[in-house]
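Here is how the chains run, residue by residue.
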Amino acid sequence: LSVAESELDRHVRQHHRVFSLALDGTEQPIYLQHVQWSVLDDRALHVDFLRIDLSKKLHLTVEIGFLGHPVGLSKGGRLIKDHTDLKVVCLPAAIPESIEVRIAHLDVGIAVLAKDVHLPSGVELDVPPETVVCHMIAEKVQVEAPPAVAEAPAAAEPEVVAKGKKDEAEAGAS
C-alpha cells in the first residue's frame with residue numbers, strides 16, 4: 001500500500017485521523033495510528049493505519065493541551081505535567097484533535113484529576129478517574145549558608161628528624 005506523500009502531508013497537517021481508503025475496489029474506513037517522521041527533512045517515512053468499523057468505539061490516546069498560566073507560578077510554584085496525553089474511548093467520528101485542560105486556577109498543592117477534565121461529547125475516559133493529569137508543587141529553595149571561615153591552627157614547632165652534628169659527635173663518643 002502506498003499513499004501520495006503530498007496528500008498524506010495535507011491530511012496530517014489538517015489533523016485528519018479517519019480516512020476512507022479504496023482497496024480492491026471497495027471503500028474501507030481506516031484510522032491513522034502513527035506517522036514516523038524523518039529527523040533530517042521532516043518527511044513521513046512510515047505510516048500505520050488501522051482498519052476500523054465506524055459504528056464501534058476506539059481506544060485511543062489523545063494529546064492534552066494545557067491552557068492558561070497557573071496562579072501558583074507567581075507564588076514560586078512549579079507545574080508538573082504528570083500526563084501529556086490521555087487515554088479515551090470514542091467513536092471514530094468523535095475523535096478529538098486534542099483535549100483542553102484549563103490550568104489557570106492551579107495554586108500550590110492543587111492537582112487536576114482525570115475526572116475533572118472536560119471531555120468533548122461522545123468521548124469517555126479510559127483511565128481511572130483519580131489519575132493525576134497535572135499538579136502544582138512548591139519550588140524548594142535551598143539557601144546556602146556562607147562558608148564558615150575556620151581559623152587555621154597555630155603552627156606547631158617543626159619536629160627535627162635528622163641528628164645534628166653535635167648529636168652525631170656525642171653518639172660516636174659513647
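None of these values were measured; they are calculated from a predicted model. In this numbering scheme, every chain counts its residues from 1 along its sequence in written order. Local features in a predicted model are, by the rule used here, given only for residues with pLDDT of at least 70; side-chain atom pairs are given and counted only at 80 or more, and totals for whole chains, interfaces and linings are based on all residues. Side-chain measures were taken over the full set of non-hydrogen atoms in the model, leaving aside hydrogen atoms and water.

S.K.: So what's going on with the pattern of salt bridges? Which residues, and what values?
M.R.: Within this document, salt bridges are pairs made up of a side-chain nitrogen of Lys or Arg and a carboxyl oxygen of Asp or Glu, the two lying within 4 Å of each other. Considering all chains together, one arrives at five salt bridges under this definition. Close ionic contact of Asp41 with Arg43 constitutes a salt bridge, the shortest N to O distance being 4.0 Å. Look at Asp41 and you get partly exposed, because its relative accessible area is 43%. Owing to a relative accessible area of 42%, Arg43 belongs among the partly exposed residues under this scheme. Glu124 is the partner of Lys57 in a salt bridge, and the nearest nitrogen-oxygen pair spans 2.7 Å. You can see Lys57 sitting in the loop between strand S3 (44–51) and strand S4 (58–67) and its partner Glu124 sitting in strand S9 (residues 123–125), a full 67 residues away along the chain. Partly exposed describes any residue whose relative accessible area lies between the buried limit of under 20% and the exposed limit of over 50%, with all areas from a 1.4 Å probe on protein chains only and scaled to the type maximum. With relative accessibility at 43%, the residue Lys57 sits in the partly exposed group. Judged by its relative accessible area of 40%, Glu124 falls in the partly exposed class. Only runs of H or I of at least four residues qualify as helices and only runs of E of at least two qualify as strands under DSSP, and these elements are numbered from the N terminus.

S.K.: Summarise the sheet that holds S4; cite the residues concerned and give the values.
M.R.: For two strands to be treated as a pair, DSSP must find no fewer than two bridges joining them. Taken together, the four strands give an open sheet; going across it, the order is S7-S4-S6-S9, and neighbouring strands pair in mixed fashion. Both edges of this open sheet fall to strand S7 (99–102) and S9, since each of them pairs with a single strand only. Along the sheet, successive strands turn relative to each other by an average axial angle of 45°, direction set aside. Relative to S9, strand S6 (residues 85–90) runs antiparallel, the two being bridged by three bridges. When the sheet's bridge partners are listed, Val88 is paired in S9 with Leu125. To get an axis, a line is fitted to the C-alpha atoms, and for a helix only the part in contact is used. The angle between two axes follows their N-to-C directions and goes from 0 to 180 degrees.

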